[in-house]
Amino acid sequence: MLELEKQVAIVTGGSRGIGRAICLSLSRRGATVVACARSEAALKSLADDAMEGQHAGRIEPSVLDVGDRDAIGKLVDTVSDAHERIDILVNNAGITHDGLLMSMEDDQFESVLTTNLRSAFWLTRAVSRIMVRRRYGRIINISSVAGMMGNPGQANYAASKAGLIGMSKSIAKELGRRKITCNVVAPGFITTDMTDILPDDLKANVKKLIPLGRLGDVEEVAEVVAFLAGAAASYITGQVIVVDGGMHM
Ligand code: NAP
C-alpha cells in the first residue's frame, strides 16, 4: 500500500509551478488530490498528466479563487461530502505585486494579503473542523524566505509570508492535541513563472548569494511537502523548513 493511499488532500495554486509539483507528488504517493486554482484548462491538463503517468491517486480539478471566502466554504463542504475526510491541506496559492513602500497602493497591499494570507486562514479554519472531528490532519503552508528576511519592494508579500509563519505556529499549538500538525515550507528562489519575470542580471546576482549556486526546482519543494504530509513527519509541528539552497542561513 502506498504511503498516502485513501488520503484526501486539498492543494491551492495547483495549476502551475510549485503547487502543480505538490499535486503530482502527493498523487504519486496515492492521495486523492483536489487541485484548486482559477485556470480551469491548466488544472485539467494537470489531472490528465497524473492519469497518463498512471499515478495511484487521482487529481480532481476544482476552479477556485482563494480570495472568495464563500467559494472556499463551498469547496470544503463539497470535498468533505464527497470523500468524508480531508487529511492534508496545502495552502500554496500566492502572488506578488511588488512596489516601493512610499508608492504602494492600499489595493496592492490588500490583494497580496488576501491571496497569500487571508485565504489560508479561511481554508484552514474550514478544513480544521473536519480534521478535528477525525482527530487527524496535516496542514502545510507555503511561505517564503522573504517572510523571514524581508525584501525591498515586497512589504506586502513579506508581511503575508511572515503572517503565515505566525499563524502556522499558533495553529500547531492549538490543534496539536487533536493529532493535527501544522508546518511551513519556506522556499528561496525556485524556477517558476513567479521568478521567470525577474531580470537576468538580478537572477545572476541572486545565484551568487546561494551556497548551492543555483535556483531550486519545483520538485525540490514538493518532496519536502510530501515528507511533511507523510508518516515520517508525525512528530514535527510548528516548524519552518527552509528550502533555499542555503541562501538564508
Ligand atoms: P506561480 O508559478 O506564479 O503559481 C501561483 C499559483 O497560485 C498558480 O497555480 C495560480 O493559479 C495560483 N493562484 C494565484 N492567485 C490565485 C487565486 N486568487 N486563487 C486561486 N489560485 C491562485 O507561483 P509559484 O512560484 O509556484 O509559487 C507558489 C507558492 O510558493 C506561492 O505562495 C509563492 O509565494 C511561494 N514561493 C515561491 C517562490 C519561488 O521562487 N517561485 C519562492 C518562495 C515562495 P491561477 O493563476 O490559475 O489561479
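As shown above, the structure is provided for reference.
Only a predicted model underlies this, so the values are computations on that prediction, with no experimental measurement involved.

Draft legend 1. Region of the structure containing the site of the ligand. Surrounding the ligand, one finds 30 residues, the nearest of these being R38, S39, N92, Y157 and T192. Taking G13, its main chain carries an N or O atom lying 3.0 Å from an oxygen atom of the ligand. Out of a free accessible area of 880 Å², the ligand has 95% covered by protein chains. Among the elements of the structure, α1 (17–28), α6 (155–175) and α7 (193–196) are those that each provide at least two residues to the shell around the ligand. Sort the elements by how many residues they give to the shell around the ligand and α7 lands first, with three residues.

Draft legend 2. View of the packing of helix α4 (residues 106–134) against α6. In contact at an axis separation of 8 Å, α4 and α6 are set at 15° when each is read in the N-to-C sense. In terms of orientation, α4 lies roughly parallel with respect to α6. When the axes of α4 and α6 are compared, the crossing they make is right-handed. In this structure, α4 contributes Q108, F109, V112, L113, N116, L117, A120, F121, T124, S128 and V132 to the contact, and α6 contributes A155, N156, Y157, A159, S160, K161, G163, L164, M167, I171 and L175. Its residues assigned to classes, the contact of α4 with α6 shows 14 nonpolar, seven polar and one charged.

Draft legend 3. The arrangement of the environment of L2 in detail. By the secondary structure assignment, L2 is in the segment before β1 (8–12). Taking the C-alpha atoms as reference, L2 lies 14 Å from Q54; in sequence the two are 52 residues apart. When near neighbours in sequence (up to four residues on either side) are disregarded, L2 contacts R28, R29, G30 and A56.

Draft legend 4. Broad picture of the nonpolar core. If you look at the biggest cluster of nonpolar residues, it comprises 34 residues, and the most contacted ones within it are I22, L26, V33, I59, V90, I140 and V185. At the level of elements, β1, α1, β2 (32–37), α2 (40–52), β4 (88–91), β5 (137–142) and α9 (218–229) are the ones that each hand at least two residues to this core. Take this core: its biggest share by element is eight residues, from α9. In this structure, V33 is in contact with A9, V11, C23, L26, S27, R58, I59 and E60, ignoring residues within four places of it in sequence. Ranked by size, the runner-up nonpolar core spans 31 residues in total, among them L117, V132, L164 and I180.

Draft legend 5. Summary view of helix α3 (residues 69–83). Its 15 residues give α3 an end-to-end C-alpha distance of 21 Å, which sits within 8% of 21 Å, the value for a rise of 1.5 Å per residue. The inward-facing, buried residues of α3 abut β1, β2, β3 (59–63) and α4. Where α3 begins, the capping side chain belongs to D68, and its oxygen is found 3.2 Å from the backbone nitrogen of D70. A positive phi of about 60° marks E84, the residue just after α3.

Draft legend 6. Geometry of a nonpolar patch on the surface. Judged by side-chain polarity, M148, M149 and V242 come together as a nonpolar surface patch covering roughly 230 Å² of accessible area. Residue placement: M148 occurs in helix α5 (residues 146–149). A residue is classified by how much of its surface remains accessible, and M148, at 34% relative accessible area, is partly exposed.

Draft legend 7. Broad picture of the sheet that holds β4. Strand order in the open sheet made by the seven strands is β3-β2-β1-β4-β5-β6-β7, with parallel pairing throughout. Two strands in the sheet have a free side with no partner beyond their single neighbour: β3 and β7 (240–243). Going across the sheet, the axis of each strand differs from the next one's by a mean of 20°, ignoring polarity. In this structure, β1 lies alongside β2, joined through five bridges in parallel fashion. Looking at the pairing, V11 lines up with A35 of β2. Sitting on the sheet, α4 is in contact with β1, β4, β5 and β6 (180–187), with an inclination near 175° to β4.

About the thresholds
- Residues numbered from 1 in each chain as written.
- Predicted model: local features only at pLDDT ≥ 70, side-chain atom pairs only at ≥ 80, totals over all residues.
- Heavy atoms only, no water.
- Near = heavy atom within 4 Å.
- Polar contact = N/O pair within 3.5 Å; in protein donor to acceptor, adjacent residues only side chain to side chain.
- Areas by Shrake-Rupley, 256 points an atom, 1.4 Å probe, with all protein chains shown as cover.
- Helix = DSSP H or I, 4+ residues; strand = E, 2+ residues; numbered from the N terminus.
- Axes fitted to C-alpha atoms, helices over the stretch in contact; angles between N-to-C directions.
- Parallel < 35°, antiparallel > 145°, perpendicular 65-115°, else oblique.
- Left-handed = near helix turned anticlockwise from the far one by under 90°.
- Contact = heavy atoms within 4.5 Å.
- Nonpolar A, V, L, I, M, F, W, Y, C, P; charged D, E, K, R; others polar.
- Core = buried A, V, L, I, M, F, W, Y, C linked by side-chain atoms within 4.5 Å.
- Buried < 20%, exposed > 50% of the residue type's maximum accessible area, 1.4 Å probe, protein only.
- Expected span 1.5 Å × (residues − 1).
- Patch = residues over 30% accessible without salt bridge, like charges linked within 9 Å, V, L, I, M, F, W, Y side chains within 5 Å.
- Salt bridge = Lys/Arg side-chain N within 4 Å of Asp/Glu carboxyl O.
- Pairing = 2+ DSSP bridges.

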